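Letter by letter, the chains look like this.
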Amino acid sequence: MTRDKEIQLPPYTDFSVYNNGGDYFIINPSKNFWFRLSREQIPAFELLDGKSTPDELRDRIDSSIPERLRDASKKLIEDIAMYYPVESRDIPKSNRVSTLYLVLTNACNSRCLYCFRERNNTISIIDKKLLKNVILSYKNIAVDTPSIVYTGGEPCLHPDLREIARFAHENGIKNTLQTNGLLVNEDNASLFARIFDKIQISFDSTQEELNDWLRGKKGHFKAVSHAVELFQRYDVKVKLAATITKKNFNDIFNIRKKFPGVDFQYTPMLQIGRGKKVSDLSFSPIEFLKVIDNFSCEMDAFYPKFIPEFGKKNTLCGAGTSVLSVDPDGDVFPCQMLHHPDFRCGNIKNDSLESIYYSSQTIEKFRKFSVDMLDECRECDIRYVCGGGCIANGFWENNCVIKKDYYCEFNKEITLRKMLNDFRKINLSGNN
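Right, let's walk through the structure included here. What you see as residue numbers is a count from 1 along each chain, following the sequence as written. Whole-chain, interface and lining totals are the exception, using all residues; otherwise, since this is a predicted model, local features are given only for residues with pLDDT of at least 70 and side-chain atom pairs are given and counted only at 80 or more. The basis for the side-chain values is all heavy atoms of the structure; hydrogens and waters are excluded.

## Some thoughts on the packing of helix α4 (residues 128–141) against helix α5 (residues 161–170)
Threshold: Fitted lines through C-alpha atoms serve as axes, helices being fitted only where they are in contact, and the angles separating the N-to-C directions of these axes extend from 0 to 180 degrees. In this description a helix means any DSSP run of H or I spanning at least four residues, a strand means any run of E spanning at least two, and both kinds are numbered starting from the N terminus. Under this scheme an angle from 65 to 115 degrees is roughly perpendicular, one under 35 degrees roughly parallel, and one over 145 degrees roughly antiparallel; angles in between are oblique. Left-handed describes a crossing whose near helix is turned anticlockwise from the far helix through less than a right angle; right-handed describes the clockwise counterpart. In what follows, a contact means two residues having at least one pair of non-hydrogen atoms within 4.5 Å. Under the convention adopted here, Pro, Cys and the residues Ala, Val, Leu, Ile, Met, Phe, Trp and Tyr are nonpolar, Asp, Glu, Lys and Arg are charged, and Gly plus all remaining residues are polar.
Orientation of α4 relative to α5, taken along the N-to-C sense of each, is 20°, at an axis distance of 10 Å. Considered as vectors, α4 and α5 are oriented roughly parallel to each other. Handedness of the crossing formed by α4 with α5: right-handed. Where α4 abuts α5, its residues K128, L131, K132, I135 and L136 lie against E163, I164, F167 and A168. Across the contact of α4 with α5, the residue classes break down as six nonpolar, no polar and three charged.

The structure is reproduced here in structure tokens:
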């Protein structure tokens, strides 16, 4: 693999420099390009003037850098010349939906201390016939391999859950069930395993009393343990989802040990919904960073799942473009975390999901959103890597969608660690 020898490499002043305990991590934000170099390679890096070709830089290395450093210096120039993107471009926003969230009901048989949905006294539920129409309409705006996430409230409280999910399954849609596990039993586990491709169950601690307290339901620990045991008899993916608080963080990774072979994800508690009343349980972003440093052996659980290729710019999340959400009253929103009157896109009782997706002014605004529109993100070195994080986190903290993700400081630090970790794996600069 070769590049044009006449290519002009960027000036070193285009890069931001991070020290990494002796090595350096270098980022060019505008091109979304980064690499690692050693202290010995700094003189060669500083030869980058934005005018010289690789051949010219190699000549300057021969004339200005000590002989013992020349091989490593030339390797650095060769690697940058090989991988530096000639042009950068945005990762295109999807014009098809990949994930539809169906909040089947706001009824729930547990009372998690920090639930982000406010509970009211009115129970809503989406009609079965309406849901089937939504599923068919969804297919018209969906990617080739679409998915539906059935959530709530507690989706298992919907009397027609299994019929609806089977209908979607028969129409080629991947089904995910988000449940608290309380209604899973010997009679329905095998059926759930057949119609759902993934089952995500809430679970916060291997300490029974603590788990039940956080999840607001005595017996939750035993119910989930039994549900996992049942599902592991069948060919279905099971994921346990934990919310990290100041009460359970020391026990979080014991969940993996207790349930080997089961996928795991975490979410730091947010001070929204019912969580506002127990805000003392949540970590600030800086506190959370300090906490995860105690779990270096489990760091992969905190890393972002996606890092774009060099030259490709991640500009924002998929809210309103690749993601939609329908609430129990039929209202459509850009994502499951933005169920707020300001973001109502339409109602499936009045219009098809397809019509709403293509005509909603709210969705059109989300299509135009970019990380460069977020106040605190415009000058960030990794803005095109993280894409600005979660719009919803910024909104619920600041009542504004053009504010940074509440967990920005955490996201930035953990993303930098992931970038550096990946870079070491591909070993671009030839250093160990």
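Now that the structure is up, let's keep going.
## Remarks on the side chain of D212
Applied cut-off: The rule is simple: take the accessible area with a 1.4 Å probe, protein chains only, and divide by the maximum for that residue type; under 20% is buried, over 50% is exposed, in between is partly exposed. His is not counted, nor are the chain ends, whereas Lys and Arg count as positive and Asp and Glu as negative. Every case where a carboxyl oxygen of Asp or Glu lies within 4 Å of a side-chain nitrogen of Lys or Arg is listed as a salt bridge.
Mapped onto the secondary structure, D212 falls in helix α7 (residues 208–214). An unpaired buried charge is present at D212: no salt bridge exists, and K218, the closest side chain of opposite charge, is 5.5 Å distant. Once residues within four sequence positions are removed from consideration, D212 is found in contact with K217, K218, G219, H220 and F221.

## Section: the pattern of salt bridges
Throughout the structure, instances matching the rule amount to 19 salt bridges. Across the salt bridge formed by E163 and K128, the nearest N and O atoms sit 3.4 Å from each other. Residue E163 is found in helix α5, and its partner K128 is found in helix α4; the two are separated by 35 residues along the sequence. Judged by relative accessible area, E163 falls into the partly exposed class, the value being 29%. By relative accessible area, which is 30% here, K128 ends up partly exposed. Among the ionic pairs, E186 bridges to R233, the shortest N-O distance being 3.5 Å. With E186 in the loop between β7 (174–179) and α6 (189–195) and R233 in the loop between α8 (220–231) and β9 (237–244), this residue pair connects regions lying 47 residues apart in the sequence.

## Thoughts on the nonpolar core
To be explicit about the condition: Put simply, a nonpolar core is a bunch of buried Ala, Val, Leu, Ile, Met, Phe, Trp, Tyr and Cys residues held in one set by side-chain atoms that sit within 4.5 Å of each other.
Counting 95 residues, the largest nonpolar core has Y150, F231, F302 and L353 as the members making the most contacts within it. Look past the residues within four positions of L353 in its chain and what remains in contact with it is L100, V134, S137, Y138, I141, L324, V326, V332 and I348. Core analysis: the next-biggest nonpolar cluster, separate from the first, contains 22 residues, L9, I26, L69 and I77 among them.

## Quick word on the environment of C377
Residue placement: C377 occurs in the loop between α12 (361–368) and α13 (383–386). Using a relative accessible area of 7% as the deciding quantity, one classes C377 as buried. C-alpha of C377 to C-alpha of N109: the two residues are 268 residues apart in sequence and 40 Å apart in space. With sequence-adjacent residues up to four places away left out, C377 is seen in contact with V371, R383, G388 and K404.

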